Structures are given as C-alpha cells and as structure tokens.
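Observations on chain architecture
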Amino acid sequence: MRAAFRTLGCKVNQVETEALLGFLKALEPEVVPLEAGGADLVVINSCAVTTTAEADTRKEVRRARRYNPHAFIVVTGCYAELAPEVLKELGADAVVPNARKAELPRVILERFGLPSDPITTPPNEFWGAGERGLLNSRVRAFLKVQDGCQAGCAYCIIPRLRGKERHRDHREALAEAETLLRMGIKEIVLTGVRLGSYKGHPRGLAGLVEDLYHLGAKVRLSSIEPEDTGEDLLRVIGRYAPEVRPHLHLSLQTGSDRLLKLMGRRYDKAYYRELVQRAYDLIPGFALTTDVIAGLPTETEEEHRETLAFLEELRPTRVHAFTYTPRPKTRAASMPQVPPEVRKRRTKELIALAQRLAEERIRPRLGERVEVLVERVQGGEALGHTPDYYEARLEGEARPGETVWARVHGVEGYVLLGRVEGVKEGARGPLELPVR
C-alpha cells in the first residue's frame, strides 16, 4: 500500500491528516510524495478560507489524478463541504465533508476490503493526536481541543464549513496528552478553529494550559482571537514561561476601527493595543505574531495607512499579510469592493513592511544565547524553534527532543543561525506518569 497525503490550510487540518495515518495501520501504508506516482491511496485535506485556497485544492486534485491515475482519491476538509460535486468532476473518488470527517477511516478501509472497528474508528470529532499522529515529528505534536466557530465575521465562510463551536472535555484532552508524553513528545501545540473560546475546562483555556504544564508538557498555542485572550491566560503563560511558550498569534486583520466594526470583529485598536501591552508586562520574553487582510470591502487609502501605522507601533515579530477575496454567501461579498489591482498593491506594501519589521526584530538577536527545542537533525544541523517561535538552525552536537542553549551568530530570513553550547540544565525529560 502506497499512500500520499496533501494538507492545505490550518493547523486543525494538519492534526487530522496526521491522525488519519494511525487509523489506517491495518493497511500498513508506505507514505510517498503525491508526485512520486504509483500511489494506491491519495488523501487531500482541503481548505476554503479564500478563493486562492479553493483553487489550490482543485489544482491538487488534478495533480493527484495525473500522477496517480489508478489511485483511490479521497478529498475531505472545508472545500469538500463547500463544493463536493466540483471535486468529483475533477476526479475525486470519494468526498468526505467536515460534518462526516470521523467516517474517513471507515470509507478508506472498506474501499480496500478491510473492516473498520473501534481501534480504527475515531471515537469522536476530536481525534487528532496521541499515537495516531506524528507523520513528521516525534518531538512536537498537535492536540485538537476545539472545533467550529460562531463569531460570524463578515468576510469569513468558516462558520458555514466547520459548524457550531464544540469543546473537548479537559479530562479526555489530558489523557491524550499523557499518551503523547509517554511517547517522548516534548511540546504539545493546542489547536482549534477558535481556540480561545475553549470551554471544556472549568477555567477555560487557561486551566487546560496550566494542567498540561503540570503534566510535564511544553505547551504552545496556535492562533487565538484577541477578545478570547483574558487576563487569566496571560498570567498562566507568564507564570510558566518558557515551558508554556511566550508567544501568541493574535489576529488583527485591520488597523481601522471602522473596518473592524463593519467586518464584525469584536475589539477595537485600543483593546488590541492594551492586550498586547499587558502581554509584554506579564510574559517574560513575549513575542507577538499576527495577520492582516489587505483591501477589505470599502477600505480607503487612509485606512490602509492606518493599518501600516498600527503595525509600526505594535512591531510584531512576524506579520502574515493576505489579499481579501470575496467569499460567496458572506456579508462582505455584497459590500462595495476595492478594485483588485488596489488590493494587490496594498498587499505588497504590507508584505514589505512585515519583512522590514521582522528584520528589525531579528537583527538584535545576533550574539544572544537562546533556548532551542531540537526537533530534528538534518544535514549535520540541528533544527528547531525557540520558545518565542523563531526557527533556529544550529551547528554542533544535539539530538531531537533535547532543549539546548545556542549562541546566535547569524540570521537568514526569519531563521536564527547558531552553535550549540550545551543542553539546558534542569530541562525536564520524560516523566513517569500514573497509569489511568
């Protein structure tokens, strides 16, 4: 059995793709690149957050069929929810929408003549970690604890594709985290479509993060909404940093208060500014990353300049800039649109600013001694991330899973270049966890 996997979009999709492999153990698949040809199975986990993402999904289905003419091609994810008939016309043999994603292993196993059973069937919609993941790493693993969104931002179609908000019970999440730690996982990345809204713990996300820390995990958060980032969470991150990673990705989208309100965002610039300042006050070594959208409906040139100026003020370590594209059946699609050429030009200006800000933030790291969790060794170099989410490429002896000290001697784009100086003293190794 040769199987190829392609994942587009968010970290939640990455979690689910990685987890799927574990449910297919009965097939004993050899994972191969989609372009290698000769695959018996191709799974494409699709995205529909933008029209570009939709086009990428269609392209991947066509490529899958071209390179693997005899494969069983399965498409799942958000575009499968949105346009199943289009995918079938392009060559997909099976389309499994988000609402039925837990059926994905059964669909595949039955296609190859193997029965599904409780071991090969996800227990619920929150499958996505434990021994079923880890396609790429035995150091970091994703843990999905939330799905769905009811925020209803004017430009976003995700609530239609992911459904209402659901929250994983903290006891179940902690049990799965214990499994990960026993396997040697060092860092757990919590994920969800709207992670900050998590309500599966009496204290919400802050309580879950604190419990994970006490299990012995290094904990990182994926993207979180500003209005969901409360004082309790900031204090927990600050109290347990750097094991609880001092980095937050707080989606901004625009620096215009008028546009924030028009787009249905639930904060203004003053709130965002105060939140970021509070994070710097409470969290040692705090790093901010964010994303912005260029050319939202009715955006004026002055409002675009407001966004540029606000980013200059915030000085995040990384900015992801996107071009707005109208999504059918969203409120924003019926609003007056900014001309495409203006959107593209504004995106380029945001990207140029993001690159300059990133360079200005990373250059002072030269000569610093930094902590790095080594995730893999490749070509004689140790590769990993710092607690504040800089990529690092290191010379010297190090093993995957070790937390090391390194001296930075160069930068390359967004990457710190350095040399290992030693293993961090007191770095917590594998814990002896109680058997439940």
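Refer to the structure presented above.
Rules behind the numbers
- Residues numbered from 1 in each chain as written.
- Predicted model: local features only at pLDDT ≥ 70, side-chain atom pairs only at ≥ 80, totals over all residues.
- Heavy atoms only, no water.
- Pairing = 2+ DSSP bridges.
- Helix = DSSP H or I, 4+ residues; strand = E, 2+ residues; numbered from the N terminus.
- Axes fitted to C-alpha atoms, helices over the stretch in contact; angles between N-to-C directions.
- Salt bridge = Lys/Arg side-chain N within 4 Å of Asp/Glu carboxyl O.
- Buried < 20%, exposed > 50% of the residue type's maximum accessible area, 1.4 Å probe, protein only.
- Contact = heavy atoms within 4.5 Å.
- Parallel < 35°, antiparallel > 145°, perpendicular 65-115°, else oblique.
- Left-handed = near helix turned anticlockwise from the far one by under 90°.
- Nonpolar A, V, L, I, M, F, W, Y, C, P; charged D, E, K, R; others polar.

1. Points about the sheet that holds strand 13 (residues 369-378)
Reading around the circumference, 13-14-15-17-16 is the order of the five strands in this closed barrel, with mixed pairing throughout. Shown here is a sheet whose adjacent strand axes are inclined to one another by a mean of 50 degrees, direction ignored. As paired strands, strand 13 and strand 16 (residues 403-412) are joined by five bridges and run antiparallel to one another. What sits directly across from Glu371, in strand 16, is Trp405.

2. Some thoughts on the pattern of salt bridges
Working definition: two side chains of opposite charge can pair if their charged atoms are close together. Across all of its chains, the model carries 59 salt bridges by this definition. Two residues, Arg245 and Glu187, come together in a salt bridge whose shortest N-O distance is 2.8 Å. Here Arg245, found in the loop between helix 9 (231-240) and strand 10 (247-249), pairs with Glu187, found in strand 8 (residues 187-192); they are 58 residues apart in sequence, far enough to count as distant. A single burial state applies to Arg245 and to Glu187, both of which are buried. Asp388 is the partner of Arg365 in a salt bridge, and the nearest nitrogen-oxygen pair spans 3.1 Å. Taken together, the positions of Arg365 in the loop between helix 13 (340-362) and strand 13 and Asp388 in the loop between strand 14 (381-385) and strand 15 (391-395) put the pair 23 residues apart, joining distant regions of the chain. Summarising the burial analysis for this pair, Arg365 and Asp388 share the class buried. Within the structure, one salt-bridge network assembled from shared partners comprises Arg140, Glu187, Arg220, Glu243, Arg245, Glu371, Glu375 and Lys424.

3. What about the sheet that holds strand 5 (residues 94-97)?
Here five strands make up an open sheet; going across it, the order is 2-1-3-4-5 and the pairing parallel. For this open sheet the edge positions go to strand 2 (30-31) and strand 5, each flanked by a neighbour on one side alone. Taken together, the six bridges between strand 3 (residues 41-46) and strand 4 (residues 72-77) define a ladder with parallel strand orientation. Its bridge partner lying in strand 4, Asn45 is registered against Thr76. Its contacts with the sheet place helix 1 (residues 11-23) against strand 1 (2-7), strand 2 and strand 3, and it is angled at close to 170 degrees to strand 1.

4. Quick look at the packing of helix 9 against helix 11 (residues 269-282)
It is at 9 Å that the axes of helix 9 and helix 11 come closest, and there the two elements cross at 30 degrees. Classed by the angle they form, the pair helix 9 and helix 11 counts as roughly parallel. Both helix 9 and helix 11 take part in a crossing whose hand is right-handed. Of the residues in helix 11, those in contact with Glu231, Leu234, Arg235 and Gly238 of helix 9 are Leu275, Arg278, Ala279 and Leu282. Looking at the contact of helix 9 with helix 11, its residues break down into four nonpolar, one polar and three charged.

5. Some points on unusual backbone geometry
Geometrically, the link from Ala241 to Pro242 is a cis peptide bond, its omega value of 5 degrees lying close to zero. Following the sequence through the fold, Pro242 ends up in the loop between helix 9 and strand 10. If you check the backbone angles, Thr298 has positive phi at about 70 degrees while not being a glycine. Tracing the backbone through its elements, the reader meets Thr298 in the loop between strand 11 (287-294) and helix 12 (301-314). Despite not being glycine, Tyr389 has its phi angle at roughly 75 degrees, a positive value.

These figures come from the coordinates and say nothing about function on their own.
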